[in-house]
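Structural overview for review
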Amino acid sequence: MSHHDEGPRNESHGDGGDLLVTVLREQHAEVVFGVVSVHNMPLVEAVDRALRFVPVRHEAAAVNAADAHARVTGGLGVALTSTGTGCGNAAGSLIEAQSGGASVLHVTGQIDSRYLGLGRGVIHETHDQTGLLRAVSRHTATVRPGADAGALLRYAAVRARTPPRGPVSVEWPIDLQYARQPLTGPAAPVAAPPDADPEQLAAAAALLADSRRPLIWAGGGAREAAGPLRALAERLGAPVLTSNAGRGSLPEDHPLAVGNFAASPAGRELLASCDLLLSVGTHFRSNETADYGLPVPARHVQIDIDPRAVGRVFPAAAAVVGAAAPVLTALLTALGEHTAEEGWRARGAAAATRARSELRTAIGPYALICDTLRDRLPPESVIARDVTIASSQWGNRLLEIHHPSTNLFPLGGGIGQGLAMGIGGALARPGVPTLVIAGDGGLAVHLGELGTLAQERPWLVLCVFNDGGYGVLRNMQDAHRGRRSAVDLTTPDFAALAAAYGLPFQRVTDAGDFPAALDKSLATRGPCVIEIDVTAIGPTPVPFTPPVPIPGS
């Protein structure tokens, strides 16, 4: 039953909505995010009767929230949208779900099946919606007359959860949603990944055994391999760098954790000094590798579930294709005892200390805000960060992550997704507070989701860093262009905005006042807003500029 169920469910209804509910229950998916429409009403009504339907205010937010829910739970996130414009609104967030490898089932309405492809101008019709979805999804399917919709939905759900994971979109014509839908046969389980090649494992293990200054780089593919990653790092005595996606795969308070600092001076020195790099499930994104300019050693052992990733960015001396957890476990078995060069662990710890110290100096008073957040939030709290200076400069590095399921960030770099991701994460983990770090510019993209926040009332603290515009781009223009364009924005009165939605609100104009403001907000055990007035506190001592190359600069 949903938390707002108004009556008994009609078990004999048997339309597409009931079929969808049955498939979602098989996948243990109890929360669905979406926007109701004339082209998805049977699906929404059935979900609202039987599960929990969260009515977000924009289709992009539905996918963002489903994406975050999947990342936090490790299960299937579900988004329901309408056809045409509604489906198009979801496309950008499907790109993010692709970037993050999130298991998202996106079910979108479609016009009446008898009009598909005729171009008659049926309301909500769009040209080649399937092609649009194919470009932004791992897999796309359309329910057609006479098709086994149950089998199609089951396959879509399993495909979304099968590594390499990603969003799967299903189009469902409205007439076929209303039709009776039989469900035949048992549900298919998510297939286990194939075993790694023994020869690949042996070659990788031999290189690891011969190393004396090994270094590990853990990416998003290591999120579900925290145990064997930690054991292998400790066996090797290897410091661990991470990508943004891989944060928390080794808890960032572990002695071997360097963290998301590969491109920092300290991280570069480790990369230049190591005699072997073991990379685990990382894309080596341009913004995390100084536009692919980091000094990666020739002895590079790469683990990735996608064979196309091997050597795609940096050459690999050995590679193992497979899921991180079983591959790392097999390497532990094959490796035996290992002794790193004396002092190598200490060099890793020194690099971590140096990187953090230099960043603390660069952000000045904001270090107190960072420290307070980590001190007050439980280790299992979800930390969602939109693309803004507070996230890009220190939230993505200095604010420690202790478990990968708590780490939410738009890996594709799109602004404005943080609040919806935070809502999805908060509903996945209601027993502890969720943090959202957003800027005023990013929050403006989806201000409507404040309505979702007020309506669903998760335990969520929204920290809005207000600098009156797009601070990251402003700094970039100041540093490289000599003129500001389109970066200074009119922003709302956040106190009045919060009051309009009945959300508790506080404004911080001095970093020293932030601890008390956070304590008061957390005590509400519900949604609340803290505005950090960046103009009053002042900019960071070292302005943050994104790692994007500017010709001639």
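Overview of the structure. (Residues numbered from 1 in each chain as written. Predicted model: local features only at pLDDT ≥ 70, side-chain atom pairs only at ≥ 80, totals over all residues. Heavy atoms only, no water.)

Some remarks on the pattern of salt bridges
Scanning the entire structure with this criterion turns up 23 salt bridges. Taking the shortest distance from any N to any O, the salt bridge between Asp67 and Arg71 comes out at 2.5 Å. Here Arg71 and Asp67 lie together in helix H3 (residues 59-73), a separation of four residues that amounts to about one turn. Classification of Arg71 by relative accessible area gives buried; the value is 9%. Asp478 is paired through a salt bridge with Arg484; the nearest N and O atoms lie 2.9 Å apart. Several salt bridges share partner residues, and in doing so they unite Asp467, Arg474, Asp478, Arg484 and Asp488 into one network. (Salt bridge = Lys/Arg side-chain N within 4 Å of Asp/Glu carboxyl O. Helix = DSSP H or I, 4+ residues; strand = E, 2+ residues; numbered from the N terminus. Buried < 20%, exposed > 50% of the residue type's maximum accessible area, 1.4 Å probe, protein only.)

Quick notes on unusual backbone geometry
Most peptide bonds adopt trans geometry, and most residues besides glycine take a negative phi value. Here the bond from Pro163 into Pro164 is cis, since omega is -5 degrees, no more than 30 degrees from zero. Even without being glycine, Ala486 reaches a positive phi, approximately 65 degrees. Structurally, Ala486 can be placed in the loop between helix H18 (471-480) and helix H19 (494-500). Backbone geometry places Arg525, a non-glycine residue, at a positive phi of 55 degrees. Mapped onto the elements, Arg525 comes out in the loop between helix H20 (514-523) and strand E18 (528-533). The exposure class assigned to Arg525 is exposed, which follows from its relative accessible area of 56%.

Description of the nonpolar core
Among the nonpolar cores identified, the biggest contains 52 residues, and Leu373, Trp394 and Phe465 are the most heavily contacted of them. Sort the elements by how many residues they give to this core and helix H12 (residues 344-363) lands first, with seven residues. When residues no more than four places from it in sequence are discounted, the contact partners of Leu373 are Trp394, Leu399, Leu435, Ile437, Phe514 and Leu518. Counting 44 residues, the second-largest nonpolar core is a separate cluster that includes Val63, Ala426, Ala454 and Val529. (Core = buried A, V, L, I, M, F, W, Y, C linked by side-chain atoms within 4.5 Å. Contact = heavy atoms within 4.5 Å.)

Let's talk about the sheet that holds strand E14 (residues 407-408)
Backbone-to-backbone hydrogen bonds join strands into a sheet, with any given pair of strands oriented parallel or antiparallel. An order of E14-E13-E15-E16-E18-E17 is seen for the six strands of this open sheet, with the pairing classed as parallel. Both edges of this open sheet fall to E14 and strand E17 (505-508), since each of them pairs with a single strand only. Pairing between strand E13 (residues 383-385) and E14: two bridges, direction parallel. Its bridge partner lying in E14, Ala384 is registered against Leu408. Most of the contacts of helix H15 (residues 418-428) go to strand E15 (residues 434-439), to which it runs at about 175 degrees, and overall it touches E13, E14, E15 and strand E16 (460-466). (Pairing = 2+ DSSP bridges. Axes fitted to C-alpha atoms, helices over the stretch in contact; angles between N-to-C directions.)

Some details on the sheet that holds strand E1 (residues 31-34)
As summarised here, the arrangement of the six strands in space is E2-E1-E3-E4-E6-E5, forming an open sheet in which the pairing is parallel. The outermost strands of the open sheet, each flanked by one partner alone, are strand E2 (52-55) and strand E5 (139-142). Each strand axis lies, on average, 20 degrees off the axis of its neighbour in the sheet, ignoring direction. The sheet strands contacting helix H4 (residues 85-100) are strand E3 (77-81), strand E4 (104-110) and strand E6 (168-173), and the helix crosses E4 at an angle near 165 degrees.

Remarks on the packing of helix H13 (residues 366-376) against H20
It is at 10 Å that the axes of H13 and H20 come closest, and there the two elements cross at 30 degrees. In terms of orientation, H13 and H20 fall into the roughly parallel class. As H13 runs across H20, the sense of the crossing is right-handed. For the pair H13 and H20, contact is made by Ile369, Thr372, Leu373 and Arg376 and by Phe514, Pro515, Leu518, Asp519 and Leu522, respectively. The residue inventory of the contact of H13 with H20, partitioned by class, reads six nonpolar, one polar and two charged. (Parallel < 35°, antiparallel > 145°, perpendicular 65-115°, else oblique. Left-handed = near helix turned anticlockwise from the far one by under 90°. Nonpolar A, V, L, I, M, F, W, Y, C, P; charged D, E, K, R; others polar.)

A word on the pairing of E5
When a strand is regular, its side chains alternate between the sheet's two faces. Summarising the sheet, E5 and E6 pair through four bridges and their orientation is parallel. From the neighbouring strand, Ala141 faces E6, where its bridge partner is Val170. Once you follow E5 into helix H6 (residues 149-161) and on to E6, the crossover reads as right-handed. (Right-handed = clockwise from strand over helix to strand, strands pointing away.)

Here we look at the side chain of Thr81
Assignment of secondary structure puts Thr81 in strand E3. Contacts of Thr81, omitting those with residues within four sequence positions, involve Asn40, Glu59, Gly86, Cys87, Ala90, His106, Val107, Thr108 and Gly109.

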